[in-house]
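Each chain is listed here by its residues.
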Amino acid sequence: MKILLQPPRDEAGEWRAALLTALPDAAIAVWPDAPEQPDYALVWKPPAELFLRVRPAKAIFNLGAGVDVLLALPTLPEGVPVIRLEDAGMAVQMAEYVALAVLRVYREADAYAAQQREGRWQPRQRIAKSGFGVGILGFGVLGRAVASALRPFGFPLRAWSLRRKVSPGVESFAGRAELRSFLAASRVLICLLPSTAETRGLVDGGVFEALPRGAHLVNVARGDIVVDEDLVAALDRGQLAGATLDVFRTEPLPTGHPFWHHPRITLTPHTSAVTLVDDSVAQVADKIRRLERGEPVTGLVDRSRAY
Ligand SMILES: NC(=O)c1ccc[n+]([C@@H]2O[C@H](COP(=O)([O-])OP(=O)(O)OC[C@H]3O[C@@H](n4cnc5c(N)ncnc54)[C@H](OP(=O)(O)O)[C@@H]3O)[C@@H](O)[C@H]2O)c1
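Let us look at the structure shown here.

Inspection of the secondary structure assignment puts W260 in the loop between β11 (240-245) and β12 (265-267). In contact with W260, other than residues within four places in its own chain, are L253, P254, T255 and L267. In this structure the side chain of W260 is engaged in a polar contact, spanning 3.0 Å, whose partner is the backbone oxygen of P254.

This is the structure:
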């Protein structure tokens, strides 16, 4: 079996070694070396040239959960199945990041930090939990993991997805028709949608207006789902009390971008959930073995929906 590997960052050695351990019989080429027709290609944000030189015979594995960059590649061959990472160690990281953000807001960590700086001892009245709805935009692998992590705290949980979901303790909303009622009680709005033609620019001024006044946005999905100017305007007029951002339209976030020094924005450099080599290789290798046995695999990307 021939595999072409074009891994994230500068980690080819680590990925290759892990793949060889998991699939000892495979012949593994690391891009820019490339067999003309590998059986499988394992890629992360590949250059357009890659698919001009190779056409994987059986499948393309995306070494991340989001396939927006891969699907936008004009050279991506038609008719070859694209399979994405599902969780692969990212769900627990996402749950940690989002739980931290939600609890910081709920327990008013910023207000207490300010009081400490002022040398002021002043217990604040605890926010009623029943009125502190947490809304999750996108209720897939990662959205569900976040809901599971938040469930023990007792916040009213709500989730918005394309198709209605059944999940204990989570109120489900589906489709554009139900977006406004979903937003109306979301004191914290967590974005875990894929970036698609349907979702790019979705989180705009209209969405912020539909949230309760003083709500908080957590974007851990993709930067282009949020309209930057509308976010700054909503923060400046107090409609939003704060935002926690891990993803941006341009990464690294350009010097001088208003997000850098906005007093109500907390940001991190796209680190909420990183691809882990061992977990990812274990998942991909398991799927390759299944495909070789003619068995179905999960994580197949629906190109018409673009996620
Ligand atoms: N910041 C990071 O480090 C990081 C790490 C990993 C992933 N991500 C991002 O997180 C995203 C989500 O990952 P995942 O694994 O949870 O994806 P997933 O399992 O495919 O879940 C996507 C969810 O979004 C919903 N959705 C898609 N299009 C929609 C639309 N037009 N309207 C309403 N709902 C829509 C889907 O609805 P249905 O359930 O009805 O299909 C599903 O619930 C990825 O696409 C990626 O961009 C970021």
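A contiguous patch of negative charge on the surface is contributed by E14, D87, D278 and D279. Topologically, D279 is positioned in helix α10 (residues 277-292).

Around the ligand, the surrounding shell holds 29 residues, and the nearest of these are F139, L142, R163, K165 and Y307. Note that an oxygen atom of the ligand is positioned 3.0 Å from one of the backbone N or O atoms of A273. Elements supplying a minimum of two residues to the shell around the ligand: α4 (90-106), α6 (141-150) and β7 (157-161). When grouped by side-chain class, the residues that make up the shell around the ligand number 16 nonpolar, 7 polar and 6 charged.

Glancing now at the packing of aromatic side chains. Each pair of aromatic rings is reported with the distance of its centres and the angle of its planes. Following the criterion strictly, the structure yields 7 aromatic pairs and no others. Taking 5.0 Å as the distance between ring centres and 65° as the angle between the ring planes, the aromatic pair formed by Y106 and F132 counts as edge-to-face. Within this pair, whereas Y106 is found in helix α4, its partner F132 is found in the loop between α5 (109-117) and β6 (134-137), the two being separated by 26 residues in sequence. Assigned by exposure class, Y106 and F132 land together as buried. Since its relative accessible area comes to 1%, F132 is described here as buried. Among the aromatic residues, those joined into a ring-pair cluster are Y106, F132, F153 and F155. Cation over ring: K129 sits above F155, and NZ or CZ is 5.3 Å from the ring centre.

Regular strands have side chains that alternate between both faces of the sheet. Summarising burial for strand β10 (residues 215-219): 5 of the 5 residues are buried, a large majority. In β10, alternate side chains face the same way, and those of A215, L217 and N219 on one face and H216 and V218 on the other are all buried. In this sheet, β10 lies alongside strand β9 (residues 188-191) in parallel orientation, the contact comprising 4 bridges. Its bridge partner being in β10, V188 is matched across the sheet by H216. Handedness of the crossover joining β9 and β10 through helix α8 (residues 205-210) is recorded here as right-handed. Here β10 pairs with β11 via 5 bridges, running parallel. Paired with V218 across the bridge in β11 is T244. For the crossover that starts at β10, traverses helix α9 (residues 228-236) and ends in the parallel β11, the hand is right-handed.

Moving on: the pattern of salt bridges. Counted under the stated rule, the structure contains 16 salt bridges. In this structure, R249 engages D228 in a salt bridge whose closest nitrogen and oxygen atoms are separated by 3.7 Å. With R249 in the loop between β11 and β12 and D228 in helix α9, this pair connects stretches of sequence that are 21 residues apart. Salt-bridge contacts for R305 lead to D302; the nearest nitrogen and oxygen are separated by 3.7 Å. Judged by relative accessible area, R305 falls into the partly exposed class, the value being 33%. Classification of D302 by relative accessible area gives partly exposed; the value is 26%. Overlapping salt bridges bring together D286, R290, R293 and E295 as one network.

What counts and how
- Residues numbered from 1 in each chain as written.
- Predicted model: local features only at pLDDT ≥ 70, side-chain atom pairs only at ≥ 80, totals over all residues.
- Heavy atoms only, no water.
- Helix = DSSP H or I, 4+ residues; strand = E, 2+ residues; numbered from the N terminus.
- Contact = heavy atoms within 4.5 Å.
- Polar contact = N/O pair within 3.5 Å; in protein donor to acceptor, adjacent residues only side chain to side chain.
- Patch = residues over 30% accessible without salt bridge, like charges linked within 9 Å, V, L, I, M, F, W, Y side chains within 5 Å.
- Areas by Shrake-Rupley, 256 points an atom, 1.4 Å probe, with all protein chains shown as cover.
- Salt bridge = Lys/Arg side-chain N within 4 Å of Asp/Glu carboxyl O.
- Lys, Arg positive; Asp, Glu negative; His and termini not counted.
- Charge placed at Lys NZ, Arg CZ, Asp CG, Glu CD.
- Near = heavy atom within 4 Å.
- Nonpolar A, V, L, I, M, F, W, Y, C, P; charged D, E, K, R; others polar.
- Phe/Tyr/Trp six-rings, centres within 6.5 Å; stacked < 30°, edge-to-face > 60°.
- Buried < 20%, exposed > 50% of the residue type's maximum accessible area, 1.4 Å probe, protein only.
- Lys NZ or Arg CZ within 6 Å of the ring centre and 35° of its normal.
- Pairing = 2+ DSSP bridges.
- Right-handed = clockwise from strand over helix to strand, strands pointing away.

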